[in-house]
Amino acid sequence: MSKQRISTRNMAVIAMFSAVSFVAVLISRIIPDVAGFLSYDPKDAVIVIAGFIMGPMASVAISVIVSFIEMISISSTGPYGFLMNVVSTCAFAVPAAWFYKKNHSQKGAVIGLLFSVVVLVICMAIWNYVVTPYYMGVERQMVADMMFTVFVPFNLAKGGINAGLALLLYRPIVGSLRKAGLVEQSSSSHKKTFSAGFTLFAAAVIVTFVLLLLVLLGVL
């Protein structure tokens, strides 16, 4: 296969993941915001799967594309929202995609996603502390007071849910892309990277962090 054909195929896959990610954002708008301004959406799960398939730079590209489309279409947060969306998604998707590329196995995916949740929580704590006072027009002390009651648990819940979704959806998505000829067939040693029994583990992760999100929303 020529380099041009490979590039065209990768562009098609990136465009497809970008479209699916944006649809995920639209669907998630029915979920109430935490503290009136923190929105959960599952696009990071889609973008990290793209990173698993094509590498961390694909996650960066899709993050920028989707965040820009969101900014000019449905978002009211402007450049601040664009910046925070890109930083948040890259903090989650890039470390996991990088680690999985180096450790292409079920264990590698799990460790990579766990690492990504930690990176997301720490990274967004710093960025919220620096940027949110300008965006919200409040004193930095107010943001500091909300750090461990709002920002940290929200990003932990967001990262945990999206990690579980990525583990749950990776195998069916990559299988469909292989059948469509958009992703190369894997070698025999990687065909069973994600076992069927792993579904229960992924579902348990999702339920756990959904409960945390519901607590933050005041539902529980």
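As a starting point, this report considers the structure included with it. Note that the structure is a prediction, hence the values are computed from the model and not measured. (Residues numbered from 1 in each chain as written. Predicted model: local features only at pLDDT ≥ 70, side-chain atom pairs only at ≥ 80, totals over all residues. Heavy atoms only, no water.)

### Quick notes on the overall build of the protein chain
Piece 1. A tally of helices and strands in the protein chain yields seven helices and zero strands.
Piece 2. Listed by position from the N terminus, the elements making up the protein chain come as α-α-α-α-α-α-α.
Piece 3. Taken over the C-alpha atoms alone, the protein chain extends approximately 55 × 35 × 30 Å along its principal axes.
Piece 4. Counting all 220 residues of the protein chain, 44% fall into the buried class.
Piece 5. Across the protein chain, contacts joining residues at least 24 apart in sequence account for 74% of those joining residues at least 6 apart.
Piece 6. Carbon and sulfur atoms form 69% of the exposed surface of the protein chain, whose accessible area is close to 11100 Å².
Piece 7. Charged side chains of the protein chain number 15 positive and 7 negative; the gap between the two group centres comes to 21 Å. (Helix = DSSP H or I, 4+ residues; strand = E, 2+ residues; numbered from the N terminus. Buried < 20%, exposed > 50% of the residue type's maximum accessible area, 1.4 Å probe, protein only. Contact = heavy atoms within 4.5 Å. Areas by Shrake-Rupley, 256 points an atom, 1.4 Å probe, with all protein chains shown as cover. Lys, Arg positive; Asp, Glu negative; His and termini not counted. Charge placed at Lys NZ, Arg CZ, Asp CG, Glu CD.)

### Regarding the packing of aromatic side chains
Piece 1. A full pass over the atoms with the stated rule returns seven aromatic pairs.
Piece 2. Centre to centre, the rings of Phe68 and Phe82 are 6.5 Å apart; their planes meet at 85°, and the pair counts as edge-to-face. With a gap of 14 residues between them, Phe68 in helix H3 (residues 56–73) and Phe82 in helix H4 (residues 78–102) connect regions that are remote in the sequence.
Piece 3. Accessibility expressed as a relative area gives 24% for Phe82, which makes it partly exposed.
Piece 4. Among the aromatic residues, those joined into a ring-pair cluster are Phe52, Tyr100 and Tyr170.
Piece 5. The positively charged end of Arg140 is found above the aromatic ring belonging to Tyr129, 5.3 Å away from the centroid. (Phe/Tyr/Trp six-rings, centres within 6.5 Å; stacked < 30°, edge-to-face > 60°. Lys NZ or Arg CZ within 6 Å of the ring centre and 35° of its normal.)

### Some thoughts on H4
Piece 1. The terminal C-alpha atoms of H4 lie 36 Å apart, and with 25 residues this matches the ideal 36 Å at 1.5 Å per residue to within 8%.
Piece 2. Of all the bends in H4, the greatest, near 30°, is centred on Cys90. (Expected span 1.5 Å × (residues − 1). Bend = angle between axes of the 7 residues up to and from the residue.)

### Thoughts on helix H7 (residues 198–216)
Piece 1. Taking 1.5 Å of rise per residue, 19 residues should cover 27 Å, and H7 covers 28 Å from first to last C-alpha, within 8% of that figure.
Piece 2. Close packing links the buried residues of H7 with helix H5 (106–136) and helix H6 (140–179).
Piece 3. Downstream of H7 by one or two residues, Gly218 has phi in the positive range, about 80°.

### A closer look at the environment of Ala166
Piece 1. By the element assignment, Ala166 lies in helix H6.
Piece 2. With 56 residues separating them in the primary sequence, Ala166 and Val110 have C-alpha atoms 9.8 Å apart.
Piece 3. If we ignore the near neighbours within four places in the chain, the residues touching Ala166 are Ala45, Val48, Ile49 and Leu113.

### A look at the nonpolar core
Piece 1. Core analysis: the largest hydrophobic core is formed by 37 residues, its most contacted members being Phe17, Val48, Phe52, Ile62, Phe92, Leu113 and Leu167.
Piece 2. Those elements that place two or more of their residues in this core are helix H1 (3–28), helix H2 (43–54), H3, H4, H5, H6 and H7.
Piece 3. The element best represented in this core is H5, accounting for eight residues.
Piece 4. Judged by nonpolar contacts, the second largest core, of 17 residues, contains Phe37, Val150, Phe154 and Ile161. (Core = buried A, V, L, I, M, F, W, Y, C linked by side-chain atoms within 4.5 Å.)

### Remarks on the packing of H4 against H6
Piece 1. Direction vectors running N to C along H4 and H6 enclose 45°, while the axes themselves pass 12 Å from each other. One element, H4, and the other, H6, form an angle in the oblique class. The element H4 and its partner H6 pack so that their crossing is right-handed. Packed against H4, whose contacting residues are Ser88, Phe92 and Tyr100, the element H6 presents Lys158, Gly159, Asn162, Ala163 and Tyr170 at the interface. (Axes fitted to C-alpha atoms, helices over the stretch in contact; angles between N-to-C directions. Parallel < 35°, antiparallel > 145°, perpendicular 65-115°, else oblique. Left-handed = near helix turned anticlockwise from the far one by under 90°.)

### Digging into the packing of H2 against H6
When two helices pack together, their arrangement is given by the angle between their axes and by how far apart the axes lie.
Piece 1. Where H2 meets H6, the axes come as close as 8 Å, and the angle between the chain directions of the two elements is 50°. Accordingly, the angle class assigned to the pair H2 and H6 is oblique. Judged by the sense of rotation from one axis to the other, the crossing of H2 with H6 is right-handed. Residues Asp44, Ala45, Val48, Ile49, Phe52 and Ile53 of H2 pack against Lys158, Asn162, Leu165, Ala166, Leu169, Tyr170, Ile173, Val174 and Leu177 of H6.
Piece 2. Here the contact of H2 with H6 is built from residues that sort into twelve nonpolar, one polar and two charged. (Nonpolar A, V, L, I, M, F, W, Y, C, P; charged D, E, K, R; others polar.)

### Points about the state of the cysteines
Piece 1. Applying the stated criterion across every chain, the model contains zero disulfides.
Piece 2. A disulfide-free cysteine, Cys90 has its sulfur positioned 9.3 Å from the sulfur of Cys123, the nearest such atom.
Piece 3. For Cys90, a relative accessible area of 18% puts it in the buried group. (Disulfide = S-S within 2.5 Å.)

Distances and angles like these do not, on their own, reveal function.
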